[in-house]
Amino acid sequence: SPGTDPAFALGVARVIMDEGLYDDAFVKGHTDLPLLVRMDTKELLRAADAIPGHQNATLERTRVLKPGEKVEPFATNEGQPVVSEKMREEWGDFVVWDVKTKAPAAVSRDDIGKFFFERGVDPALEGEFELEIGGTAIVVRPVFDLIRQHLRDTWSLENVEKVTWAPKSAVQSLARQCAANPEGVL
């Protein structure tokens, strides 16, 4: 029925996450799901706050516009992302938890796909980590972990079935089919 599609999609997402049916490399290298969230403010952790002396990376694959510089039409930028210098400074760099070094690692807008993997960082998708920020111990968690917890806390397959009238087996079946045929889903 109308309005139940989001509930059905959340059920599918839950199955995909719970059963580990996602493409781990894609999630780590092409999404914001590994980024750390401060549990005290519920905001994304900034590298400048977590890594002493951190300076924002110089972006090479993202064009940073100086004040007053005009944005060219998208086609003339050859698909290159464009951000204003002000936005770049406000956003800064973000942070993932590197399971190899067991420490925070800064990531910039340029760190995506092969460029991310060339750095050798292996970001945690799950877990709770404690960092000292400004003399205070702060707990941080990856976005993936928070979404997974939300789905587990609120979207059991029984709840999805109640809201959508779709049998649990249908939700599980579609999730497994989507994971097995990712090209066919898009």
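Treat the numbers as computed from the prediction; the structure is a model and nothing was measured. (Residues numbered from 1 in each chain as written. Predicted model: local features only at pLDDT ≥ 70, side-chain atom pairs only at ≥ 80, totals over all residues. Heavy atoms only, no water.)

Let's shift gears to helix H8 (residues 168-180). With 13 residues, H8 should cover 18 Å at 1.5 Å per step; its first-to-last C-alpha distance of 18 Å lies within 8% of that length. Listed as buried for H8 are Val171, Ala175 and Cys178. One face of H8 carries all of its buried residues, which in axial projection span an arc of 65°. (Helix = DSSP H or I, 4+ residues; strand = E, 2+ residues; numbered from the N terminus. Expected span 1.5 Å × (residues − 1). Buried < 20%, exposed > 50% of the residue type's maximum accessible area, 1.4 Å probe, protein only. Arc of directions from axis to C-beta.)

It is worth spelling out the sheet that holds strand S1 (residues 36-38) at this point. A sheet is described by the order of its strands in space; here three strands give the open sequence S1-S7-S6, paired in antiparallel fashion. Of all the strands in the sheet, just S1 and strand S6 (129-133) have a single pairing partner and so form its edges. Within this sheet the neighbouring strands show an average axis-to-axis angle of 40°, counted without direction. With three bridges joining them, S1 and strand S7 (residues 136-142) adopt antiparallel strand pairing. Its bridge partner lying in S7, Val37 is registered against Arg141. Strands in contact with helix H6 (residues 143-154) are S1 and S7; relative to S7, the strand with the most contacts, it is inclined by about 70°. (Pairing = 2+ DSSP bridges. Axes fitted to C-alpha atoms, helices over the stretch in contact; angles between N-to-C directions. Contact = heavy atoms within 4.5 Å.)

With that settled, the discussion passes to the packing of helix H1 (residues 5-18) against H8. Between H1 and H8, the shortest axis-to-axis distance is 8 Å and the interhelical angle comes to 65°. Handedness of the crossing formed by H1 with H8: right-handed. In this structure, H1 uses Phe8, Gly11, Val12, Val15 and Ile16 to contact H8, whose residues at the interface are Ala170, Val171, Gln172, Leu174 and Ala175. Across the contact of H1 with H8, the residue classes tally to eight nonpolar, two polar and no charged. (Left-handed = near helix turned anticlockwise from the far one by under 90°. Nonpolar A, V, L, I, M, F, W, Y, C, P; charged D, E, K, R; others polar.)

The subject of this paragraph is the environment of Glu130. Considering the arrangement of structural elements, one finds Glu130 in strand S6. Between the C-alpha atoms of Glu130 and Arg38, which are 92 residues apart in sequence, the distance is 9.6 Å. Those residues in contact with Glu130 that sit more than four places away from it in its chain are Ala137, Ile138 and Val139.

Turning next to the packing of aromatic side chains. Under the criterion given, the structure shown has three aromatic pairs. Both rings, one in Phe116 and one in Phe117, keep their centres 5.4 Å apart while their planes meet at 75°; by these two values the pair is edge-to-face. (Phe/Tyr/Trp six-rings, centres within 6.5 Å; stacked < 30°, edge-to-face > 60°.)

What follows is about unusual backbone geometry. Even without a glycine there, the phi angle at Lys102 is positive, about 55°. You can call Lys102 exposed: its relative accessible area is 63%. Unlike most non-glycine residues, Trp165 shows phi in positive territory, near 70°. In this structure, Trp165 sits in the loop between helix H7 (157-164) and H8.

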